[in-house]
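One letter stands for each residue in the lines below.
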Amino acid sequence: MHSLWRTLNRGTLRDIALVCLADAMVGAAFGAIAVSGGLPAWVPVVMSLLVFAGGAQFAAVGVVLSGGAPIAAVAAGLVLNARLLPFGFAIGDVLGGRWWTRLTGAHLMTDEAVAFVLRDGDPRRRHAAFWACGLGLFVSWNAAVVLGALAGRGIGDTGALGLDAAFPAVLLALVLPSLTERNARTATLRRACLLGGVVAVAATPFLPAGLPVLLALTGLVLAVRTPSGAEVPCP
Amino acid sequence: MPLIAVLALAAGTYAFRLAGPVLRHRLRLPGRLRHLLSVAATVLLIALVATSALTEGQGFAGWARPAGVLVAGILTLRKAPFPLIVVLAAATTAILRLLGVP
């Protein structure tokens, strides 16, 4: 742990701390929303420890709270988490070579940790950033979910506090920067996202909860048609 | 939500996470598939933002929540720190509801 702090510069450590704080707020919102929606307190707490993926947790709980079947909740969460598969191939080297660091590190892989790894080219700093962000988020997220779940019983109406806006807000803050670059690849990505988002929202009144987000993958037709396979991948 | 559903979600998620670090030396995903998977991740996240901002159950969520998320988007483009983005998004939604906006 000691070498972690020496390897990372102040700016990166501050950014990791800020992301942990922001995600703690979202975690507290998750715990409070789940419990005030009628789920027993162990559901958000155990789910956060074992699943540890905010998007999938909100999606699964959202499906259940809006009356969907548990199998639909699991499917919605798994489809969202399928993105972790390419992440693992992209940054698997930062977990180290020993089997137990791979088994532990894999569980700590999140959008945020991957984003911090991709910011840096130096292998030692990538390694340090991954573990600092992964461990920091695991502790702060799970502690916050417990606090939120306990508070959720007291908060009758999480909507009055605007907690339902916290999750889409932090998700947007994570994704939006990757959509603002001015190049052909990002322009294609923007069009795919726009089509996918419109399809998902338009399908919501007609489909069971969880399915509309999956239907957003129709946006991929715009990415398939471009001859991206011929491009040189960016480093 | 039964425990078995939580466990199924957890097991599947862990499998997705572990496959890359364990298999990356033996198996290489083709570049085109990797590109599509990364586009798919962003498309899914944006769709999740759109549906969780605009809809509740199978209907419209009201104006207060998307207004809060819009504030988050503007603050992100202005490079505001993460905690500020979350607090101001929730505060916008809460204040609009206090004023009677659904």
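Here the structure is a predicted model, which is why all the values come from computation and not from measurement.

Considering the overall build of chain A
- Counting secondary structure elements, chain A contains 13 helices and zero strands.
- Element order for chain A, N to C, with α for helix and β for strand: α-α-α-α-α-α-α-α-α-α-α-α-α.
- Against the 2.2 N^0.38 benchmark of 18 Å for 235 residues, chain A shows a C-alpha radius of gyration of 19 Å, consistent with a compact globule.
- Looking at the 235 residues of chain A, the share that counts as buried comes to 48%.
- Within chain A, residue pairs in contact and separated by at least 24 positions form 67% of the contacts whose partners lie at least 6 positions apart.

Observations concerning the confidence of the model for chain B
All names here are of chain B.
- Chain-level statistics for chain B give a pLDDT mean of 91 and a share of 100% at 70 or above.
- Confidence, expressed as mean pLDDT per element, reaches its minimum in chain B at helix H2 (residues 31-54) with 84 and its maximum at helix H3 (residues 64-77) with 97.
- Across the interface, the model reports ipTM at 0.88; the global pTM reads 0.83.

Some details on the environment of A:Ile16
Residue and element names in this part refer to chain A.
- Note on placement: Ile16 falls in helix H2 (residues 10-36).
- What makes Ile16 buried here is the crowd of 21 C-beta atoms within 10 Å.
- Leaving out residues up to four positions away in the same chain, Ile16 has contacts with Phe116, Ala132, Cys133 and Gly136.

What to know about helix H4 (residues 54-65) of chain A
All names here are of chain A.
- Counted at 1.5 Å a residue, the expected span for H4 with its 12 residues is 16 Å, and the 16 Å between its end C-alpha atoms agrees.
- Among the 12 residues in H4, 11 count as buried, and that is most of the element.
- Turning to H4, its buried residues are Gly54, Gly55, Ala56, Gln57, Phe58, Ala59, Ala60, Val61, Gly62, Val63 and Val64.
- Positioned one or two residues after H4, Gly67 has a phi angle of 95°, which is positive.

Some details on the packing of H2(A) against H4(A)
Residues and elements named next belong to chain A.
- Relative to each other, H2 and H4 sit at 20°, their axes nearing to 11 Å. The orientation of H2 relative to H4 falls into the category roughly parallel. Taken as a pair, H2 and H4 cross one another with a handedness that is left-handed. Only Gly54, Gln57, Phe58 and Val61 of H4 make contact with H2, whose side of the interface consists of Asp23, Val26, Phe30 and Ala34.
- Partitioning the contact of H2 with H4 into residue classes produces five nonpolar, two polar and one charged.

Details of the interface of chain A and chain B
- On the side of chain B, 65 residues touch chain A, which itself brings 80 residues to the contact.
- Among the elements that line the side of chain A that touches chain B, the one with the most residues is helix H10 (residues 166-175) of chain A, at nine residues.

A few points about the UniProt feature "transmembrane region" (unreviewed entry) in chain B
Residue and element names in this part refer to chain B.
- With numbering aligned to this structure, UniProt lists the feature "transmembrane region" (unreviewed entry) at residues 35-55 and 82-100.
- In residues 35-55, helix accounts for 95% and strand for 5%; the two terminal C-alpha atoms are 30 Å from one another.
- Along residues 82-100 one finds 89% helix and 0% strand; the C-alpha atoms at either end are 28 Å apart.

Focus on unusual backbone geometry
- Unlike most non-glycine residues, A:Phe52 shows phi in positive territory, near 50°.
- Tracing the backbone through its elements, the reader meets A:Phe52 in the loop between helix H3 (42-50) and H4.
- Classification of A:Phe52 by C-beta neighbours within 10 Å gives buried; the count is 22.
- In this structure, B:Lys79 is a non-glycine residue whose phi angle is positive, near 60°.
- Looking at the secondary structure, you find B:Lys79 in the loop between H3 and helix H4 (82-98).

Observations concerning the packing of H2(A) against helix H9 (residues 123-152) of chain A
Residues and elements named next belong to chain A.
- Between H2 and H9, the least distance of the axes is 7 Å, while the angle of their chain directions is 30°. By the criterion of interaxial angle, the relationship of H2 to H9 is roughly parallel. Between H2 and H9 lies a crossing of right-handed hand.
- When the residues that make up the contact of H2 with H9 are grouped by side-chain class, the tally is 21 nonpolar, eight polar and one charged.

Conventions and cut-offs
Residues numbered from 1 in each chain as written. Chains lettered and ligands numbered in written order. Predicted model: local features only at pLDDT ≥ 70, side-chain atom pairs only at ≥ 80, totals over all residues. Helix = DSSP H or I, 4+ residues; strand = E, 2+ residues; numbered from the N terminus. Rg over C-alpha atoms; globule rule 2.2 N^0.38 Å. Buried ≥ 20, exposed ≤ 12 C-beta atoms within 10 Å, placed from the backbone. Contact = placed C-beta atoms within 7 Å. pLDDT = per-residue confidence, 0-100. Expected span 1.5 Å × (residues − 1). Axes fitted to C-alpha atoms, helices over the stretch in contact; angles between N-to-C directions. Parallel < 35°, antiparallel > 145°, perpendicular 65-115°, else oblique. Left-handed = near helix turned anticlockwise from the far one by under 90°. Nonpolar A, V, L, I, M, F, W, Y, C, P; charged D, E, K, R; others polar. UniProt positions renumbered as here; feature names shortened; annotations may be inferred.

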